[in-house]
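Breakdown of the fold
Chain by chain, the residues run as shown.
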Amino acid sequence: MAKLFVKKGDTVVVIAGKEKGKTAKVLGVSPKDNKVLVENVNVVTKHQKQRSQQEKGGIIKKNAPICASNVMVVCPDCGKATRVSHSVVDGKKVRICKKCGASLDKAMAKKVKKQAKATKKVEEKVEEVKKDEVVAEKATAKKTSTAKKTTSAKTVEKKTTTAKKTTAKKAEAKKEE
């Protein structure tokens with residue numbers, strides 16, 4: 001038995017099959033068969049025999065179920081077909097839109113919005129802290145690189161002065177000879 005991401009009453013868009021592109025309401029769900037009954041999608045004709053005086057026979061048009069993998073839930077907030085994620089709000093598992101973060105369950109919509117705002121603020125603060133750390137690391141890297149440059153410049157100066165002194169001593173020794 002598969003768990004379905006679609007519930008009765010959801011608005012879905014058909015993403016595969018001969019009815020591709022249609023948007024409609026879910027009339028029924030069968031998780032055991034992994035099928036969904038969608039309004040005015042996969043309409044079939046059925047020949048029905050008259051069983052009694054009150055029942056009429058004839059050709060009847062009826063909605064047939066389609067595979068649940070051929071539909072995507074339409075988010076009521078952003079109006080786009082979206083995948084479904086889950087999160088826990090007040091101890092209840094809630095379906096959430098992957099694109100905008102809004103709740104797909106009508107009863108929990110307000111609570112999810114509040115929680116989404118709070119998590120967004122926390123994420124922004126974490127990003128600010130990371131930026132500050134990067135800036136601090138760059139500043140320390142500059143200090144160490146300038147310190148290395150000054151020490152390397154001093155060593156170069158020392159080497160050149162010692163080289164000059166040795167060449168001067170050699171020149172004086174040659175003159176004396």
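First, a word on scope: everything that follows refers to the structure included in this document. (Residues numbered from 1 in each chain as written. Predicted model: local features only at pLDDT ≥ 70, side-chain atom pairs only at ≥ 80, totals over all residues. Heavy atoms only, no water.)

Here we look at the overall build of the protein
How we decide: Counting from the N terminus, the helices are DSSP H or I runs at least four residues long and the strands are E runs at least two residues long. Burial classification: accessible surface area is computed with a 1.4 Å probe over protein chains only, and a residue below 20% of its type maximum counts as buried, one above 50% as exposed, and the rest as partly exposed. Computed by Shrake-Rupley with a 1.4 Å probe, the accessible areas treat only the displayed protein chains as cover when residues are assessed.
Across its full length, the protein carries one helix and 10 strands. Going from N to C terminus, the protein has its helices and strands arranged as β-β-β-β-β-β-β-β-β-β-α. Counting all 177 residues of the protein, 19% fall into the buried class. Accessible area of the protein: about 14000 Å², with a carbon and sulfur share of 55%.

Description of the nonpolar core
Defined as follows: Working definition of a nonpolar core: buried Ala, Val, Leu, Ile, Met, Phe, Trp, Tyr and Cys residues. They are joined through side-chain atoms within 4.5 Å. We call two residues contacting when some pair of their heavy atoms lies within 4.5 Å.
If you look at the biggest cluster of nonpolar residues, it comprises 17 residues, and the most contacted ones within it are Val6, Val38 and Val71. Looking at this core, the elements that each hand over two or more residues are strand E1 (11-14), strand E2 (23-30), strand E3 (35-38) and strand E7 (71-74). Apart from residues no more than four positions distant in its own chain, valine 6 is found in contact with Val12, Val26, Val29, Val36, Val71, Val73 and Arg95.

What about the pattern of salt bridges?
Oppositely charged side chains are able to pair whenever their charged atoms sit close together. We count it as follows: Salt bridge, as applied in this entry: a Lys or Arg side-chain nitrogen positioned within 4 Å of an Asp or Glu carboxyl oxygen.
According to the stated counting rule, one finds four salt bridges in the structure shown. The residue lysine 7 makes a salt bridge to aspartate 105 at a minimum N-O spacing of 3.8 Å. Of this pair, lysine 7 sits in the segment before E1 while aspartate 105 sits in the loop between strand E10 (92-97) and helix H1 (109-176), placing them 98 residues apart in sequence. Among the salt bridges present, the one from aspartate 105 reaches arginine 95, with a minimum N-O distance of 2.9 Å. Linking aspartate 105 in the loop between E10 and H1 with arginine 95 in strand E10, this pair joins segments that are 10 residues apart in sequence.

As for the sheet that holds E7
Backbone hydrogen bonds hold the strands of a sheet together, and the pairing may be parallel or antiparallel. For clarity, the cut-off: We call two strands paired when DSSP finds no fewer than two bridges between them.
Taken in spatial order, the six strands line up as E6-E3-E2-E1-E7-E8 in an open sheet, and their pairing is antiparallel. Each having just a single partner strand, strand E6 (66-67) and strand E8 (81-82) make up the two edges of the open sheet. Here E1 pairs with E2 via three bridges, running antiparallel. When the sheet's bridge partners are listed, valine 12 is paired in E2 with alanine 24.

What about the layout of surface pockets?
Filter applied, for reference: Every definition here rests on a 1 Å grid over the protein atoms only: cavities are sets of points where a 1.4 Å probe fits but cannot get out, pockets are open sets enclosed by protein on both sides within 12 Å along at least five of seven lines, and lining residues have some atom within 4 Å of a point. Grid points are joined across faces, edges and corners, and a volume is the space filled by probe spheres set on the points. Here the term charged refers only to Asp, Glu, Lys and Arg, the term nonpolar to Ala, Val, Leu, Ile, Met, Phe, Trp, Tyr, Cys and Pro, and the term polar to all other amino acids, Gly among them.
The computed volume of the largest pocket comes to approximately 240 Å³. Along the walls of the largest pocket sit 14 residues, with Gly9, Asp10, Pro76, Leu104 and Lys106 positioned nearest its centre. Classifying every residue of the lining of the largest pocket by side-chain character gives six nonpolar, three polar and five charged. Its boundaries defined by the atoms lining it, the second largest pocket holds a volume of some 200 Å³.

Quick notes on the side chain of glutamate 19
Mapped onto the elements of the fold, glutamate 19 is located in the loop between E1 and E2. Ignoring any residue separated from it by four or fewer positions in sequence, one finds glutamate 19 in contact with Val14, Asn40, Val41 and Asn42.

Quick look at a negative patch on the surface
Applicable threshold: The patch calculation keeps residues exceeding 30% relative accessible area without a salt bridge and links them within 9 Å when they carry like charges or within 5 Å when they are nonpolar (Val, Leu, Ile, Met, Phe, Trp, Tyr). Just so you know, the count uses Lys and Arg for positive and Asp and Glu for negative, and it drops His and the chain ends. Think of each charge as sitting on NZ of Lys, CZ of Arg, CG of Asp or CD of Glu.
A contiguous patch of negative charge on the surface is contributed by Glu123, Glu124, Glu127, Glu128, Asp132, Glu133 and Glu137. The residue glutamate 137 is located in helix H1 in this model.

Structural notes on the pairing of E3
Burial along E3 is one-sided: Val36 and Val38 are buried, and none of Lys35 and Leu37, which face the opposite way, are. Judged from the four bridges that link them, E2 and E3 form a sheet pairing that is antiparallel. Looking at E3, one finds that valine 26 is bridged to valine 38. The turn joining E2 and E3, which pair antiparallel and follow one another in sequence, is formed by four residues; a positive phi near 60° is taken by asparagine 34. By the bridge criterion, two bridges tie E3 to E6 in an arrangement that is antiparallel. The partner of valine 36 across the bridge, within E6, is isoleucine 66.

On their own, these measurements won't tell you what the molecule is for.
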